Every structure is written in structure tokens, then in C-alpha cells.
Amino acid sequence: MSGSRPPLRDDLALMDGYHSPQLDVPVRLNTNEAPEPPPDGFTEALAAALEGIAWNRYPDRSASALRAAIAAAEGEGLPVGIDADQVVVANGSNEVLQTLCLTYGGPGRTAVTFEPTYALHSHIARIAGTRVHSGARAEDFTLDLGEVERVLMSQRPAITFVCSPNNPTGGAESPETIRAVLAMVEEVGGLLVVDEAYGQFSAHSALELLDDDRPLVVTRTFSKTWSAAALRLGHAIGPRWLGEDTSGVLLPYHLDAVKQVAGRIALRFAAEMRERVAHLTEERGRVATALEGLEVDSWPSEANYILFRPRAVEGAELWQRLVDRGVLVRNCASWPGLEGCLRVTIGNPGENTAFLGALAASLA
Ligand SMILES: *Cc1c(COP(=O)(O)O)cnc(C)c1O
């Protein structure tokens, strides 16, 4: 025996953590946050609402007012609206994903991802004791339905993750592809989780496929388009049985009173959110066009980031050169399937111009 530090869970000891290094540089374009805070009206209304909180009491355990507000906001424009009882909320969509894994995954069960994709899908599944099998995306990073069928029929996963728009590659799946994957998931008796953290940037959403008879759950977050990463609030929208199923693993009163009221207030500023998305989309176009004139390959994006790969420099070397010029982007260069790639978040116009200048200088 050496010391009194207890051993980690065996399967945890083998796992790599999730790291997104933060550096103190002037231009941080590495975590896909919104560059602008929510409108002043948000902070003012939140400050006023704090006075109404019954601090000595536990919050509304079912967060019903927040869930109703999310249902109304997300259901807008859909042929069939969304009901509050189709919505599950948690502390960020990562906790939503963890809740789904604890509910439908776990020991003896398999979750499937199609790589390269959001690293936390496989990481969270493993933390929840779920075996992970990774299929591959096509060369252009879209889903290859032949591969999806091969993987699903052989693995018969309890959970299939699809990120659309996909992080970090940027592309979104067509409604036809999502429908085809869903049909296969139904055939193997699993759950399809479509991660739409960047859904408002995309022309399509799987929300329109939701139905109580379909094993489909869509996850979204306040961290990106809603400019509220600090809030740590995310949600899942699915069939009406989702709330009942997940109630067994969610901790009692897991969502605090401040968050419940802040989420409702954030949703009042939907018009401003759409304006920010439109503005970022325009800026994304400007950055994408500028990248075409440089010695890099880049991929089309339907989100607030662009994946690119330098042609004549190592990705890791370029990442360092950008840091040296005060610009932090995400270094994906060593990720499987993304050799030499970097991902830049679309910031405000000044930040994007600074990035493009630093990039041109770093490539020279
Ligand atoms: C950023 C991101 C999330 C957000 O997670 P939160 O816990 O809500 O901040 C979820 N999924 C993807 C693909 C993301 O890129």
C-alpha cells in the first residue's frame, strides 16, 4: 500500500480527459462561443428577477415554466408545435447528453458515433459506462449511409449520435440522410440523438421529424447561438416519454432557480439571437472567401466555425504561429481523421480580420 489515495474506477483510469486549452491571448476563437454578450435588456431583466426568487426554497423541480418557454421558442415555425412535456433541461447540453447516456446506455450497451465528430459524444458515453463503437464519415465528412447501415446492423447500438451541423467539420446532414438514419435506428430498436448545438445556423433541423412514435431526440444549447455559455443551460426535445424516462437519472432539483429564470429571460430576445446568427453567417462568408485566397484547404460550414488545413505547413506549427501573433484557434491537428487541421470560430469583425491577418502572415 502506498498512501491513502484510492484507485480510480478501472475504466476511468484508461480514459483521456477532455481538454480545450485556454491561453490568455487577445483574440480567442477556439471554443465556438458567441463573440457578443446577450442584449443589455437580458442582464437588466435578470437582475430584477433575482428579487423574486424564494432563496430558502428548493426550485421548481420540473422547471415547468422554463420548459414551456423552450417548447414555445423551439416549436415556432414547425408544422406541429412542441409541448413542454417533450422538453428535458439540464446544466448545459453536455449534461443533457450525459443524462441520455445514463438513461439509455450503460453497462452492456453500445453507443455509436461517426468520426470525426464532437469528442464529448464518445467521452460522455464512456463515463456513463457505455461501450463506444466509432464508424467513419465519408471523405467530405458527411455521413455515408452505407457505412451507417453496416455499423448499425452489426453493433445494434442503444444510442446513435449524429452531430449536425457537425463539430468540428461544419457541414450539416440533409433531411433525407437524417430520415434514413432514423429508419435504421428504429430497425435496431435504439435511440437517435441529433446534436443541434449549432442548429440555428443551418437550413434544416431534425425537430420537424419529432414524433411520439419515433426514437428521436434533438439536443440544443444556450451556449452558442443564445450567447449564454456562462449560463450552462441546454435541452433535449423528443417524444413525450423522454421526461419520464430521464426522471430516474436526473438528480432532484438539478436545475437551480437562477438558471430557470435566466433561461426564460434569454428566450425573450429571440429576434436579437436571429440577428446575431445572420451577422455571424455573413462574417463566416467573408472569412471563407478570404481562406480561398490563402494556402489552405477549407470545408463548407453551416455553423459559426470553419475547419481548415494549411497546405505547406504542419497544422500544429501553424497553430503555434497564430498563438505567437495573439490568435487562439482550436488545434485539431492530432485528432483522428483531421490530421493537420485547425478550426476557427467566427468572432466579431475585428477578431476575424485579426485572425485573417495573422494567418496570412503565419503562412508567408
Ligand atoms: C458546444 C457544443 C455543445 C454545447 O455544450 P454545452 O454543455 O451546452 O455548453 C454541445 N454539442 C456540440 C456539438 C457542441 O459543439
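Keep in mind that this is a model prediction, so the values were computed, not measured. (Residues numbered from 1 in each chain as written. Predicted model: local features only at pLDDT ≥ 70, side-chain atom pairs only at ≥ 80, totals over all residues. Heavy atoms only, no water.)

A few points about the overall build of the chain
(1) Moving on: When helices and strands are tallied, the chain shows twelve helices and twelve strands.
(2) Moving on: Judged by the C-alpha coordinates and their principal axes, the chain covers about 60 × 60 × 55 Å.
(3) Moving on: Residues counted as buried form 52% of the 364 residues belonging to the chain.
(4) Moving on: For the chain, the proportion of contacts with a sequence separation of at least 24, taken over those separated by at least 6, is 73%.
(5) Moving on: Of the roughly 16600 Å² of accessible surface on the chain, a fraction of 51% belongs to carbon and sulfur atoms.
(6) Moving on: Across the chain, the mean location of the 31 positive side-chain charges is 4 Å away from that of the 47 negative side-chain charges. (Helix = DSSP H or I, 4+ residues; strand = E, 2+ residues; numbered from the N terminus. Buried < 20%, exposed > 50% of the residue type's maximum accessible area, 1.4 Å probe, protein only. Contact = heavy atoms within 4.5 Å. Areas by Shrake-Rupley, 256 points an atom, 1.4 Å probe, with all protein chains shown as cover. Lys, Arg positive; Asp, Glu negative; His and termini not counted. Charge placed at Lys NZ, Arg CZ, Asp CG, Glu CD.)

Topic: helix H11 (residues 315-324)
Residues spaced three or four apart along an α-helix point in a common direction, a consequence of the helix completing one turn every 3.6 residues.
(1) Moving on: All buried positions along H11 are accounted for by Gly315, Leu318, Trp319, Leu322 and Val323. Projection of H11 onto a plane perpendicular to its axis shows the buried side chains occupying an angular sector of 140°, all on one side.
(2) Moving on: Where H11 is buried, its residues contact strand E10 (305-310), strand E11 (327-331), strand E12 (342-345) and helix H12 (349-363).
(3) Moving on: Following H11 by one or two positions, Gly326 has its phi on the positive side, about 85°. (Arc of directions from axis to C-beta.)

What to know about the sheet that holds strand E5 (residues 159-163)
(1) Moving on: Pairing within the open sheet is mixed, and its seven strands lie in the order E2-E8-E7-E6-E5-E3-E4. Taken across any chain shown, the strands that pair with only one partner, and hence form the sheet edges, are strand E2 (87-90) and strand E4 (131-136). On average, each strand axis in the sheet is tilted by 25° relative to the strand beside it, whichever way the strands run.
(2) Moving on: In terms of strand pairing, E5 meets strand E6 (residues 191-195) through five bridges, oriented parallel. Bridging from a neighbouring strand, Phe161 pairs with Val193 of E6.
(3) Moving on: Running over the sheet, helix H3 (residues 64-75) touches E2, strand E7 (216-221) and strand E8 (234-237) and is turned about 120° from E2.
(4) Moving on: Sitting on the sheet, helix H6 (residues 145-155) touches strand E3 (110-115), E4 and E5, and the angle it makes with E3 is about 165°. (Pairing = 2+ DSSP bridges. Axes fitted to C-alpha atoms, helices over the stretch in contact; angles between N-to-C directions.)

What to know about the pattern of salt bridges
(1) Moving on: Under the defined criterion, the tally for this structure stands at twelve salt bridges.
(2) Moving on: Measuring nitrogen to oxygen at the nearest pair gives 2.8 Å for the salt bridge that ties Asp212 to Arg240. Of the two residues, Asp212 sits in the loop between E6 and E7 while Arg240 sits in the loop between E8 and helix H8 (241-246), which places them 28 residues apart along the sequence.
(3) Moving on: Taking the relative accessible area as the measure of exposure, Asp212 reaches 29% and is therefore partly exposed.
(4) Moving on: Using a relative accessible area of 35% as the deciding quantity, one classes Arg240 as partly exposed.
(5) Moving on: Close ionic contact of Arg286 with Glu283 constitutes a salt bridge, the shortest N to O distance being 2.9 Å. (Salt bridge = Lys/Arg side-chain N within 4 Å of Asp/Glu carboxyl O.)

As for unusual backbone geometry
Glycine aside, negative phi is the norm for most residues, and most peptide bonds take the trans geometry.
(1) Moving on: Each neighbour pair has its own omega, and for Ser164 with Pro165 the value is -5°, a cis peptide bond.
(2) Moving on: Secondary-structure assignment places Pro165 in the loop between E5 and helix H7 (175-187).
(3) Moving on: The omega torsion across Asn167 and Pro168 is 15°, close enough to zero to call that bond cis.
(4) Moving on: The topology assignment puts Pro168 in the loop between E5 and H7.
(5) Moving on: The residue Arg156 is not glycine, and still its phi comes out positive at about 45°.

Digging into the environment of Phe161
(1) Moving on: Note on placement: Phe161 falls in strand E5.
(2) Moving on: A sequence separation of 107 residues divides Phe161 from Arg268, and the C-alpha atoms of the two residues are 30 Å apart.
(3) Moving on: If sequence neighbours within four positions are ignored, Phe161 has contacts with Leu97, Cys101, Ala111, Val112, Thr113, Phe114, His121, Ala125 and Val193.

What about the site of the ligand?
(1) Moving on: Close to the ligand lie 13 residues; Ser93, Tyr198, Thr221, Ser223 and Lys224 are nearest.
(2) Moving on: Interatomic distance of 2.6 Å between a side-chain N/O atom of Thr221 and an oxygen atom of the ligand.
(3) Moving on: Surface burial for the ligand is 94%, taken as the share of its 390 Å² of free accessible area covered by protein chains.
(4) Moving on: Considered class by class, the residues forming the shell around the ligand number four nonpolar, six polar and three charged. (Near = heavy atom within 4 Å. Polar contact = N/O pair within 3.5 Å; in protein donor to acceptor, adjacent residues only side chain to side chain. Nonpolar A, V, L, I, M, F, W, Y, C, P; charged D, E, K, R; others polar.)

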